[in-house]
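Analysis of the macromolecular model
Listed below, chain by chain, are the residues.
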Amino acid sequence: AGTYGFDPHKVATWGSSAGAHLVDLLATIRPEDTLGRTPEVAAAPDTTPAATVSLCGVHTCFRYTNEANIHKMLLEFLGTSEDENPDFVRSASPMERLTGQEAPFLFITGDADTTTPLSHTEEMHQRLQAKGVSSTVHVLPGVGHGFGYGNTTPAQLKTLALATPWLAAVLR
């Protein structure tokens, strides 16, 4: 941060779909956590973001058994299933890692998303709030999965209109 002249306490993460899974996961990794630690990054600085914007995200790697395409993707991504290795799958599921130490979350998703269930976003939001973490959800009517890649469609413009003031308030 010093090299590039920015305040490391004002860094937010933003991701969509699998990218939202990654930023959600990063937000749950405390400095003392061993997840992702290797000898090369053992002395890495705290990478916890000051805020997280999560668009149509994968918040859990559990409970996708009825969505065959997602279940297959997660099996390929994780290399195991929740039946074979539930502890590993739990460690890769942001919703299962919440401690109450997370920074504020903004969730934006569409109610026509058939890839990542709205119920998972609502549950993640409720769990964060139950732990005392600031969490906001915006549901875009008629919007499907993967709307967050760009800045020209109505859904993308609405996302920017929602996220910009939220980030300004959270990071001030």
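Residues numbered from 1 in each chain as written. Predicted model: local features only at pLDDT ≥ 70, side-chain atom pairs only at ≥ 80, totals over all residues. Heavy atoms only, no water.

Thoughts on the packing of aromatic side chains
Taken as a whole and assessed by the stated rule, the structure comprises one aromatic pair. Arranged with centres 5.3 Å apart and planes meeting at 20°, the rings of Phe105 and Phe107 form a pair that is stacked. Of the two residues, Phe105 and Phe107, both sit in the buried class. (Phe/Tyr/Trp six-rings, centres within 6.5 Å; stacked < 30°, edge-to-face > 60°. Buried < 20%, exposed > 50% of the residue type's maximum accessible area, 1.4 Å probe, protein only.)

Section: unusual backbone geometry
Excluding glycine, a negative phi dihedral is what most residues carry, and trans is how most peptide bonds are arranged. In this structure, Ser17 is a non-glycine residue whose phi angle is positive, near 60°. Note on placement: Ser17 falls in the loop between β1 (12–16) and α1 (18–28). On the accessibility criterion, Ser17 (13% relative accessible area) is buried. Positioned with a positive phi, Cys56 is a non-glycine residue whose angle comes to about 40°. Relative to the elements of secondary structure, Cys56 occurs in the loop between β2 (51–55) and α2 (68–78). (Helix = DSSP H or I, 4+ residues; strand = E, 2+ residues; numbered from the N terminus.)

Examining the sheet that holds β2
Spatial strand order, β1-β2-β3-β4: four strands in an open sheet with parallel pairing. Looking at the sheet topology across the chains shown, the edges are occupied by β1 and β4 (135–140). Ignoring strand direction, the axes of neighbouring strands in this sheet form an average angle of 10°. Where β1 and β2 come together, five bridges link them in parallel fashion. Across the sheet, Ser16 pairs through a bridge with Leu55, a residue of β2. On the sheet, α1 packs against β1, β2 and β3 (105–110) and is oriented at approximately 150° with respect to β1. Where helix α4 (residues 118–130) meets the sheet, its contacts fall on β3 and β4, and the angle it forms with β3 comes to roughly 165°. (Pairing = 2+ DSSP bridges. Axes fitted to C-alpha atoms, helices over the stretch in contact; angles between N-to-C directions. Contact = heavy atoms within 4.5 Å.)

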